Structures are given as structure tokens and as C-alpha cells.
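# Commentary on secondary and tertiary structure
Below are the chains, spelled out letter by letter.
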Amino acid sequence: MSRVTKKASSVCTDSPLSMSEVCRKMTLMRHILTSCFGPNGRLKQVHNNVGGHVLTTSTSTSLLQAVSSSEPLLKLITASILNHLSRFSDCGLYTGILCFSLIDHVQKSGLRPSVAIKINKQLLEVCTSFLNQEDCGCKVNVDFNSCQSLVTLARSVISSKPACVLTEGEQQHISTLAVHAFLLTVPCGDTPGSPDRVRLGRTVTVSIEGQFVLDSAVFPGLLVNVPDMQLHPTDSERTRRGPGPFRLALFTVSLSGDLSEFGEGSLEVHSGAPDPEDLILDELLKLGEQAVTDQVEVFMCQRVIHPVLQHYLRRHGVLVVERLGIALIQPIVQMTGAQAVALYQTPIPPEAYGQVKGCCVRTVGSREMLHLLPPREPAPAVCTMVLCHRNDTMLNELKVACQRAEHVLRLTLRDPVALLGGGCTETHMAAYISNKGTTEAAEAALSLGVSQSQYLLGLNGFCSSLEAVALALVHDGETGLVDLSYAHHWSVPQGEAVHSGTVPQGEAVHSGTVPQGEAVHSGTVPKGEAVHSGTVPHGEALQWGDGDEVPATCGCGLVERSARPGLEWTPLNTRYPSRPAPLVVGKDTPPQLRVLDSFTAKLNALQVAVEMANLVLDIRYVIQDVN
């Protein structure tokens, strides 16, 4: 077919990062992601300008899927973040913030992209090697003999989604339920097959709007939403009988008996021939007779069951459940060991039957649901998490958060370690890399074929980008600090912050009385307190008053101010020459941590962010088809 209009030539953009419009869009996206980050992040409402559904969220998956952009570079970065989230479920905002920060620092520093790429690759290897060390000061072993670290890991994921609108008590309750559901899906004892491969169970989520969050619960087995919220009287009687196991049959084909199930077309019926619908009903009744003969006690169908067949089965004491929906088929197969039957014209094979331990009617909020109990024999466990919340928006966000938490817990099975949260991993790693890079700058610059000044410039940008992730956790006018002993992140409320943590070489701090609330470089001085004169050596930080303004613990909870006398702090993104001292968890640290992050997810997020930043910096031309 010929074109109505002539095909236009593709548009070629040279050096897209040099264009102000592209930089403006990338800065805007960075600000959007930064403002969502952390427990105190801001919610985002996304909607079409012509109307329709309004999405309220703070999760990276929902946000990035809803926000569209015509800029190819933003599409590329968004696609890489979503691909990371599809595999690891966590650290999406972390990936985006770090990626945009790396690009921004290279543009502002004037460093050539080719040089920055070399330095970023080398520093990424240093980061990866550091995080994989056994004595890494950012890692914590996850003990599966105690639920405390698992609950902390789950709570870190759930609390980072402010659109869930949970109190601290509700966060603890939901985190405990997430760990409970996760442990129910982990098989106990020996598993058949290869000992190195464990087949995990499944968690099915049921959402109930309008109930209190604390009404949420976890049940072993499956809760099935019965159509019309009612069970037939004979079904209710059947659920009250003694314990099983009960034999179960599961069908995915419609058993309604409608001719429309055979597809579209015309059907000719000769005079005197039997009615096709009667023939189909006879086939269905034969199926029911076989089920009764084989002592099937639970008869389930994904779609509709003919009323006559239902009456026949119930008359013989069989529990009938129809209209299950496709979402429950796989969990039922996994829990019961049944095979979903897709035909009713042939007999049911014996191996297609499954088993349930029992069944009962359970009231959950305003609903009555059929509870199928898992069988006794070893099998991948299936459980149901009932999530309640006050409205639909919060409920959807809570459901996503719990699914993310479950995935993070599963990743921990493969690698039972976690990273310190609250920005402490980023500040500690930035301090380690800064110290190591400064010490070995000459050797590293020579191996990369760059000058030492270029290497130090790239090193400063990389460390500042890591600290930018920690700074993104700070909202409401707070100030981010880092202590000079362990390089952990601290957050000081608004009004108690300083303008700078270091004093330039040779600059004196003059004596005098400072008015209440006025800041002097390194701290806010109380009313009437004098600051003595003196000269502060280059790079030396002043101690933050008496430490009363600083919180009791750092962001992750590992460093306690009362247990570490003499701590000094400096604002983030100020260079200091100290080498961070590692802490050994369980020996010289408090046993309870406030925030933990997934090691596997964050390590991959770090790699994706750096590699994607390098890819964007390496792009010289963008060619777009405008037809």
C-alpha cells in the first residue's frame, strides 16, 4: 500500500546530554525519585490530563510504569530500573537516584565522559569487592534461628512505602505477618529431588477494604471467595464434618453445558435427532457419577458448573465450588497436588485427584470464605495473607509492599546476609572508597591511563553520588550528617542543623556570645554560650556541641551515641581524610538494628546504576523515527 504522505527522515541528535531540555528532564526525574525516597518520602499522584484513574503511590514500580516520557535517554534508564525491579523487587529508587547523580556530577565537573566511564568502572569493582568481603563493615548475617532480623528486613521494605499510611504498631504487625507467611512457604525437613534445590510454596493475598490494619492475618492453606458470598446449606454441613484428608477434583473447563463453549458457527440438528444440550448434560452427569464413585469430596471448577450437576453432586455429599477464577488454579494445584482437568468428555484419570486436610467456613471482616487446609504430607506449602486497610488506595500500596517484602525475604534464603540501611551503607562505603582511592590515587590513575587530578575528580563525584542517596532520605528540612569514626549516617531535625562541618585552613572562630538559634559553622550554640577563639587545622571537624541535638542512634541503629563517647560529626558531602572503623555485630554493637536492606537487591542496584550511567554518558547520537 502506498503512503499518503512522504516518509520523513529520522531525527538525529548529537551529544544529547549537552542539550538543556534533556538535562532539564533528567533533573526533574531525579527530583521526583529523590522526593519519594525513604519512610518520609512524598507521595505522587499521577493522572491523565483528560481524566481517568488517579494513581497515588510512592513505590518505584508503580511510579515508573505510570510516568511516560518522550525522551529516549529517560526511557532507557526507566526500562533498566523496571528490569531490575522485576528480578529483585527492591532498590528501584536507589538505582535511579544513584544513576542520575553520577551523570549529574560528570556534567558539572567537566570531566570527559570517556575518562569518567573508566573511573566509574574501576570504583564499581572496588565497591563490589568491598561488599563481598567477609569482614565488610556494612554487612549483617541473617540468622534464620531468630525472626528478629527477618522482621527488621521486612519492616524496612514496608516502612519505606509511605503511601501505605501505617503507624509504627501497624508496620510491626504487617512485617510480622509477612515473615510468618514467608516461613509458611519454606518447606520443613528433607525435600524430594536435588538437595541443593528447594521448591518454595506460595502466598495468596486477599484484600479487604474498610477494615482496620490490625485485623490483617495469615492463614495456612487457601481462603476461597465463594460466589455470592454464600455456601449451599449442604456445603455448609459438609464443611462441619470430621477431619480429612478429602479427595479433590479440579476443572479448568466450563461445566455449564452451553453450546457456546464449542466456539462460533452454525449447528444443524436434523428432525428426530436428540437435543445437543441433553447430550452435553448426559456427559456432565457421567462425570458426576465418576466423581461420586471415586469418592471425591471436594469438586472445584474455575468456571461455571451446570445447576443439575451441582444438585447431583451435593445430593451425594460432595462440596461444590465454582467460579474460582484463573488466579487460584495454580495455588490449588501446588497445595493439593491435583492436576487441572481441561476436558469432561473423557474419564478423570486417577492421578488428577488431589487432597486437602479439611475445609471450613471462616469469617474474614465482612466476608465469609471457604478455608481449604493443606494436606499433611510434605508438599510446597501455600498460605493466605488477608490484608485490611481503610481505603482502596492504601490497600493497593500495602499489597505491593508485602509482595516486595516477601520477594526480598526469599532472596535472603540464597544469600543470608543483609546490608545496613538508613543510608549508613552508602556513607560508610563512600568513606572507605574515598580513603582507599586517595591513598592509591597515583597507582589507580596510571593503570587507567588518566591523570591523578582526573582520577581524584572522578573519585569525588562517585563518593558524592553515593552520599546523595543517603541525603535523599532527609526531608522536612533535616540535615544529613556522617560521624568521623564509623562513617554512619545521622539525621538532625530542622532548626538544630549546621551550615558546615569543616572550617577552612587558617580560619579563626572568634570569641563572643551568639544569639539563640544562630549557627556558627559546626553547630547551633545555645543562648548565652560563648565560642572561644582559635584556629582549626585544615579538614578538621568541630564536635557538634555536646551531642544533645544528634539522635540517639545512627540511621541503621548500629552506632549508639551514648555508647560511643567523643563522636564527631560533619555534614554529608564534605571530604574528610578518616578511614571508617568497622563494627562487629553482636560483639561490640547493640543486637537490635532499626533498618536493614537486601544485600542481593542493593548489590545489583549498584551495578545497574553505575553501568546505566556509563551507558548514557557514552551515547553520542540519538536517532529517532518520527513517522
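Our subject is the structure listed above.
What you are looking at is a predicted structure, and each value in this text was computed from that prediction instead of being measured.

Reading guide: rules and limits
- Residues numbered from 1 in each chain as written.
- Predicted model: local features only at pLDDT ≥ 70, side-chain atom pairs only at ≥ 80, totals over all residues.
- Heavy atoms only, no water.
- Helix = DSSP H or I, 4+ residues; strand = E, 2+ residues; numbered from the N terminus.
- Buried < 20%, exposed > 50% of the residue type's maximum accessible area, 1.4 Å probe, protein only.
- Contact = heavy atoms within 4.5 Å.
- Areas by Shrake-Rupley, 256 points an atom, 1.4 Å probe, with all protein chains shown as cover.
- Pairing = 2+ DSSP bridges.
- Patch = residues over 30% accessible without salt bridge, like charges linked within 9 Å, V, L, I, M, F, W, Y side chains within 5 Å.
- Salt bridge = Lys/Arg side-chain N within 4 Å of Asp/Glu carboxyl O.
- Lys, Arg positive; Asp, Glu negative; His and termini not counted.
- Charge placed at Lys NZ, Arg CZ, Asp CG, Glu CD.
- 1 Å grid on protein atoms, 1.4 Å probe; cavity = no way out; pocket = protein on both sides within 12 Å on 5 of 7 lines; lining within 4 Å.
- Points joined across faces, edges and corners; volume = space filled by probe spheres on them.
- Nonpolar A, V, L, I, M, F, W, Y, C, P; charged D, E, K, R; others polar.
- Phe/Tyr/Trp six-rings, centres within 6.5 Å; stacked < 30°, edge-to-face > 60°.
- Axes fitted to C-alpha atoms, helices over the stretch in contact; angles between N-to-C directions.
- Core = buried A, V, L, I, M, F, W, Y, C linked by side-chain atoms within 4.5 Å.
- Disulfide = S-S within 2.5 Å.
- Polar contact = N/O pair within 3.5 Å; in protein donor to acceptor, adjacent residues only side chain to side chain.
- Parallel < 35°, antiparallel > 145°, perpendicular 65-115°, else oblique.
- Left-handed = near helix turned anticlockwise from the far one by under 90°.

As a further point, take the overall build of the protein. Helix and strand counts for the protein stand at 16 helices and 22 strands. Expressed as a percentage of its 627 residues, the buried residues of the protein come to 50%. Residue pairs in contact within the protein that sit at least 24 positions apart in sequence constitute 74% of those at least 6 positions apart. Carbon and sulfur atoms make up 51% of the accessible area of the protein, which amounts to about 30300 Å² in all.

A few words on the pairing of strand β17 (residues 489-492). Two faces, one strand: in a regular strand the side chains alternate between the faces of the sheet. Two strands pair when backbone bridges link them, and strand β16 (residues 479-483) and β17 are joined in this way by 4 bridges, in the antiparallel orientation. The partner of glycine 480 across the bridge, within β17, is serine 491. Linking two consecutive strands that pair antiparallel, namely β16 and β17, is a turn of 5 residues; a positive phi of about 55° is found at alanine 487 within it.

Where like charges cluster on the molecular surface, the negative patch consists of Asp258, Glu277, Asp278 and Asp282. Its place among the elements puts aspartate 282 in helix α9 (residues 276-293).

When its volume is computed, the largest pocket comes out at roughly 1100 Å³. Considering the residues around the largest pocket, the lining is formed by 49 residues, among which Gly38, Pro39, Ser159, Leu473 and Val595 are closest to the centre. Those elements giving two or more residues to the lining of the largest pocket turn out to be α2 (60-66), α4 (92-109), α6 (148-159), α7 (168-184) and β17. With 5 residues, α6 is the largest single contributor of residues to the lining of the largest pocket. When grouped by side-chain class, the residues that make up the lining of the largest pocket number 19 nonpolar, 20 polar and 10 charged.

Scanning the entire structure with this criterion turns up 3 aromatic pairs. Pairing phenylalanine 130 with tyrosine 432 gives two aromatic rings, centres 4.1 Å apart and planes at 20°, and the pair type is stacked. One end of the pair, phenylalanine 130, is in helix α5 (residues 113-131); the other, tyrosine 432, is in helix α13 (residues 424-439), with 302 residues separating them in the sequence. Taken individually, phenylalanine 130 and tyrosine 432 each receive the classification buried, so the pair is uniform in this respect. Both rings, one in tryptophan 490 and one in tryptophan 569, keep their centres 5.6 Å apart while their planes meet at 80°; by these two values the pair is edge-to-face. Of this pair, tryptophan 490 sits in strand β17 while tryptophan 569 sits in strand β20 (residues 569-571), and the two are 79 residues apart along the sequence.

Moving on, we get to the sheet that holds strand β13 (residues 367-373). Pairing is antiparallel in the open sheet, where 3 strands are placed in the order β7-β13-β12. Strands at the two margins of the open sheet, each flanked by one partner only, are β7 (222-225) and β12 (358-364). Direction aside, the axes of adjacent strands within the sheet are offset by 35° on average. Sheet analysis places β7 next to β13, joined by 4 bridges and oriented antiparallel. In the strand pairing of β13, leucine 223 is matched with histidine 371.

This paragraph deals with the pattern of salt bridges. Between side chains of opposite charge, a pair can form as their charged atoms come close. Scanning the model with the defined rule gives 11 salt bridges in all. Through salt bridges that share partners, Arg30, Asp104 and Lys108 make up one connected network.

Nonpolar side chains in soluble globular proteins tend to be buried together. Counting 71 residues, the largest nonpolar core has Leu131, Ile433 and Leu606 as its most contacted members. Here this core gets 11 residues from one element, more than from any other, and that element is helix α16 (residues 599-618). Other than its neighbours up to four places away in sequence, isoleucine 433 contacts Leu123, Val126, Cys127, Thr438, Leu459, Phe462, Cys463 and Leu466. Counting 44 residues, the second-largest nonpolar core is a separate cluster that includes Val140, Ala401, Cys402 and Leu558.

So, on to empty space enclosed by the protein. Under the counting rule described, the total for this entry stands at 2 cavities of 30 Å³ or more. Considering only enclosed or pocket space, the largest cavity measures out at about 60 Å³ in volume. Along the walls of the largest cavity sit Ala178, Ala181, Thr203, Thr205, Met385, Cys402, Gln403 and Glu406, which together make up its complete lining. Mapped onto the lining of the largest cavity, the elements with two or more residues apiece are α7, β5 (202-209) and α12 (392-414). The element contributing the most residues to the lining of the largest cavity is α12, with 3 residues.

Turning our attention to the state of the cysteines. Overall, the coordinates contain 0 disulfides when judged by the stated rule. Between cysteine 360, a cysteine without a disulfide, and cysteine 359, which holds the nearest cysteine sulfur, the sulfur-to-sulfur distance is 7.4 Å. Residue classification places cysteine 360 among the partly exposed positions, given a relative accessible area of 23%.

Let us now look at the side chain of aspartate 483. Mapped onto the fold, aspartate 483 is located in strand β16. Notably, aspartate 483 is buried but unbridged: the nearest opposite-charge side chain belongs to arginine 564, and the N-O separation is 8.8 Å. There is a polar contact of 3.1 Å between the side chain of aspartate 483 and the backbone nitrogen of alanine 487. Here the side chain of aspartate 483 touches tryptophan 490 through a polar contact of 2.8 Å, side chain to side chain. Setting aside anything within four residues of it in sequence, one finds aspartate 483 in contact with His488, Trp490, Leu567, Glu568 and Trp569.

Across the interface, helix α3 (residues 72-88) lies against α12 with an axial gap of 9 Å and an inter-helix angle of 70°. One way to sum up the angle between α3 and α12 is to call them roughly perpendicular. Facing α3, whose interface residues are Ser86, Arg87 and Phe88, α12 presents His407, Val408 and Leu411. When the residues that make up the contact of α3 with α12 are grouped by side-chain class, the tally is 3 nonpolar, 2 polar and 1 charged.

Turning to the packing of α6 against α7, a few remarks are in order. Following both chains from N to C, one finds α6 and α7 inclined at 120°, their axes separated by 8 Å at the closest point. By the angle between their directions, the pair α6 and α7 is classed as oblique. As for the relative orientation of α6 and α7, their crossing is right-handed in sense. Between α6, through Leu150, Val151, Ala154, Arg155, Ile158 and Ser159, and α7, the contact on the second element is made entirely by Gln171, Gln172, Ile174, Ser175, Thr176, Ala178, Val179 and Leu183. In terms of residue class, the contact of α6 with α7 is built from 8 nonpolar, 5 polar and 1 charged.

Turning our eyes to something else, we now look at unusual backbone geometry. Peptide bonds are, in most cases, trans, and in most cases residues other than glycine have a negative phi. A positive phi angle, near 70°, is found at cysteine 91, a position not held by glycine. Within the secondary structure layout, cysteine 91 lies in the loop between α3 and α4. Backbone geometry at valine 165 places phi at a positive 55°, although glycine is not the residue there. Within the secondary structure, valine 165 is located in the loop between α6 and α7.

Attention now moves to helix α11 (residues 329-336). Of all 8 residues making up α11, 6 are buried, and the element is well covered by its neighbours. For α11, the set of buried residues is Ile329, Pro331, Ile332, Gln334, Met335 and Thr336.

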